[in-house]
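Tertiary structure, described
This is what each chain is made of:
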Amino acid sequence: MQSIPDIIRTIPLTHYILLSSALFCIGVLGVLTRRNAIIVFMAIELMLNAVNLLLAAFSSYFSDPAGQIFVFFIMAVAAAEVAVGLAIIVMIYRNIQTIDIGLLNKLKN
Amino acid sequence: MSSVLLIPLLPFIGFLINGLAYPKLSKKIAGIIGTIPPLAAFALSIQLFLNFDGNAQIIPITDWIQVGELSIPLALQIDQLSIMMLLIITGVGTLIHVYSSAYMSHDNGFGKFFAFLNLFVFFMLILVLGSGFVTLFIGWEGVGLCSYLLIGFWNQKNSYGDAARKAFIMNRIGDLGFLIGIFLLFQEFGTASYQEVFESVKSGSGNNLGLIAFCLFIGAMGKSAQIPLFTWLPDAMAGPTPVSALIHAATMVTAGIYMVIRANALFELSPEVLHFVGWIGLVTALLGAAIGLFQNDIKKVLAYSTVSQLGYMFMGLGASAYTASFFHVMTHAFFKALLFLGAGSVIHAMSDEQDIRKMGGLKSKLPITYLTFLLGTIAIAGIPPFAGFFSKDEILAHLYHHNILMWSLAIIGSALTSFYMFRVFLVTFHGDFRGTDHQAAHLHESPIAITIPLIILAIFSVGGGLINLPAFVGGNEFLAHWLNPILPEGANESLEVHFASLEFLAPLAAAFLPAIFAFQVYGSKKSVPPADADIRGIQKIIYDKFYIDEAYDFIFVKPINFLSNFFHQFIDFLIIDLLVETVGKIVKSSSNELRKIQTGTIGFYVFMMVVSIAIILAWTLKSWMF
């Protein structure tokens, strides 16, 4: 039976790089264009996971487990971050009855 | 040794107590606290005088400045000269403190006044006790400060404040010269202590001695009110009368003479500077005496007389007659303090009137003041056998052998002195009373605290000549022998004056004839000096002090004012302000524009962040990509 790194290596590394770049760009565009805080949040997660994917791919190709360990840590921290972020969004909603980030311009004054 | 330290320290303690606590102390206590320190210092000085063994003593206090090769110790020096000065300062000082306790008794700033007086005595003692030029300079500046504080003591009046500032600034000009002299001393000898400097000077080392002596003398010109820096002294009469007596007649203004006597080794080796000193003294003496002729403010007359007498002392120094000059410092301290205090007593009785034209006939009302003032007048006029006769004639005798032209001019000055002093005396005390009824009702002899110092000073003014009675009239020349160790060799050769010679008779004539003339004009005829508007011709020019103040105003003050205004309005406003404000305006307007970027919209911030990251990334990867 093939090990997971071997399976990963069945696809050329360039494909992984292209895929994660595409994912990352989608994430960036999402953050820049969307005004709904939840969707912005999801776009951020997308960027995060694009990086995770790249880390896993490189880790397999270079036979270095450090990359995969990073991925685990990032996922754990991201989970905590999501919890906090969602809580903030809930609080925003309670205060201004919307989650449109375009209306969050109170920093100016 | 500790007793020597106590001499300057006691007045300082008095200053601290009175200065810090005067709002809480009653006048009586403040007066006692103020008077005891100079009295105790006087007692200690007498003890020092009696126990002095003839050898100069240095009492180190601390190493003050230690930088590299430079070492300036703080130390006191006890020798013949400083002991004599100690006696004058603390002795006359004590009398004037006693006098002030009555004279200032109606003043609200009584305790403050005594604090300043004590501080003055402290600095004056430091000045004469210092063992080097730097220590002397501390006292020198300190007395200048106290003089400023006391001239402007009644600072509610603007003109008094102006007088105080004038004195301070005039002194600063002289002090600059003095300071440069000290710097040159350091450059030349690496030290400013008397003993080391004078030893090197005597052994023939050191260049620039003339320049150093000249710079030091500039300081003396400021402090001792010599031409051209004398105009502050008459204005200094704005201060309370005891201050005029203590600071501007008896002690501080003689600091310049003290300094020259102290540095005689230096001055002896620069004959051209000594020559200059003599002529400055002569011109000052004549000018002061001439202006004194027609002044009508009793204190102004005494002030110009002080300027003139200081001129005599410098004349004496110019002729290397150090003992005679110092003798005159002493006797002048007695009779001028007496005259000032007497004038104060008159002013007190006349309810603060100082114009002699509004006095007259005070003889019967103020008998003690009258008598003591008369004695002081005789003493300063140089009528034998009073103190002024011996001291002034000793200077004149030296001048006679030094430079006959100076001598004859000095005789003229002496005649002027005699005339204006008798004029003031007669107009004030003789004739008819010319004051208001209110003043007449108020006329009274001053209290005992005022008359006692007058009487003591009068005794010294009469008998002060005995201190240095010349040998040819049977004296033992005590002062000359006493000062001998610190003076150059041969400086004390006693002069024999023949009774029937011109040298002896001319000063006598100069003392008596003008006095008789003054008696004719102001005594028998009872003439009164004319009112301001009626003064004409040359008398007007003299009355207005030869317009020297106006000339200084025109030559120095106006151009400087003009220049300051020019710099203020043109350079400052148009150039500097423009530059500075433009920089400020640019920053302000650009930040005004830049702050518009801070929209507060999160989306925009995020966009800027991504763009910036992209740019940084592109920049970093640039070399790798191409």
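Refer to the structure printed above.
No experiment lies behind these values; they were computed from the predicted model shown.

Further remarks concern the overall build of chain A. Scanning chain A for helices and strands turns up four helices and zero strands. Mapped from its N terminus to its C terminus, chain A presents α and β elements in the order α-α-α-α. Whereas a compact globule of 109 residues would reach a radius of gyration of roughly 13 Å, chain A reaches 18 Å, over 25% beyond that. Its C-alpha atoms put chain A at 55 × 25 × 25 Å along the principal axes. Residues classed as buried in chain A amount to 12% of the 109 residues present. In chain A, 51% of the contacts between residues at least 6 apart in sequence involve partners at least 24 apart.

Moving on to the overall build of chain B. Scanning chain B for helices and strands turns up 25 helices and two strands. With the C-alpha coordinates aligned to their principal axes, the bounding extent of chain B is approximately 120 × 65 × 50 Å. When burial is assessed residue by residue, chain B has 49% of its 626 residues classed as buried.

Here the focus is helix 14 (residues 298-318) of chain B. Residues and elements named next belong to chain B. Its 21 residues place the ends of helix 14 30 Å apart at the C-alpha level, agreeing with the 30 Å of an ideal helix rising 1.5 Å per residue. Buried residues dominate helix 14, accounting for 21 of its 21 residues. Where helix 14 terminates, the next one or two residues include S320, which has phi positive at roughly 60°.

Moving on: the packing of helix 14 of chain B against helix 17 (residues 387-402) of chain B. Residue and element names in this part refer to chain B. One can describe the packing of helix 14 onto helix 17 by two numbers: an axis separation of 9 Å at closest approach and a directional angle of 40°. Viewed along their axes, helix 14 and helix 17 adopt a mutual orientation that is oblique. By crossing handedness, the relation of helix 14 to helix 17 is classed as left-handed. Taking contact as the criterion, the partners of Y312, M315 and G316 in helix 14 are, on helix 17, K392, I395, H398 and L399.

We now examine the pairing of strand 1 (residues 57-67) of chain B. All names here are of chain B. Counting buried residues in strand 1 gives zero out of 11 residues, a small share hidden from the surface. Here nine bridges tie strand 1 to strand 2 (residues 70-78), and the two strands are oriented antiparallel to one another. Following the sheet pairing, I58 is matched in strand 2 by Q77.

Right, let's talk about the packing of helix 6 (residues 158-189) of chain B against helix 8 (residues 209-223) of chain B for a bit. All names here are of chain B. Relative orientation of the contacting elements helix 6 and helix 8 amounts to 155°, with a least axis distance of 7 Å. Our classification of the angle between helix 6 and helix 8 gives roughly antiparallel. Two packed elements cross with a definite hand, and for helix 6 against helix 8 that hand is left-handed. Residues M170, N171, I173, G174, D175, G177, F178, I180, G181, L184, L185 and E188 of helix 6 form the contact with helix 8, whose participating residues are L211, I212, C215, L216, I218, G219, M221, G222 and K223. Grouping the amino acids of the contact of helix 6 with helix 8 by side-chain chemistry returns 12 nonpolar, six polar and three charged.

For soluble globular proteins, nonpolar side chains are generally found buried alongside one another. Counting residues in hydrophobic clusters, the biggest one holds 192 residues, and the most contacted among them are F120(B), M124(B), L125(B), F217(B), V260(B), M315(B) and A337(B). Those residues in contact with F120(B) that lie beyond four places of it in its chain are V143(B), C146(B), L150(B) and I247(B). In this structure, V31(A), A37(A), V40(A) and F41(A) belong to the second largest nonpolar core, which totals six residues.

This paragraph deals with helix 10 (residues 241-250) of chain B. Within helix 10 of chain B, 10 of the 10 residues are buried, leaving the element largely enclosed by the surrounding structure. Within helix 10 of chain B, the full set of buried residues consists of T241(B), P242(B), V243(B), S244(B), A245(B), L246(B), I247(B), H248(B), A249(B) and A250(B).

About the thresholds
Residues numbered from 1 in each chain as written. Chains lettered and ligands numbered in written order. Predicted model: local features only at pLDDT ≥ 70, side-chain atom pairs only at ≥ 80, totals over all residues. Helix = DSSP H or I, 4+ residues; strand = E, 2+ residues; numbered from the N terminus. Rg over C-alpha atoms; globule rule 2.2 N^0.38 Å. Buried ≥ 20, exposed ≤ 12 C-beta atoms within 10 Å, placed from the backbone. Contact = placed C-beta atoms within 7 Å. Expected span 1.5 Å × (residues − 1). Axes fitted to C-alpha atoms, helices over the stretch in contact; angles between N-to-C directions. Parallel < 35°, antiparallel > 145°, perpendicular 65-115°, else oblique. Left-handed = near helix turned anticlockwise from the far one by under 90°. Pairing = 2+ DSSP bridges. Nonpolar A, V, L, I, M, F, W, Y, C, P; charged D, E, K, R; others polar. Core = buried A, V, L, I, M, F, W, Y, C linked by C-beta atoms within 7 Å.

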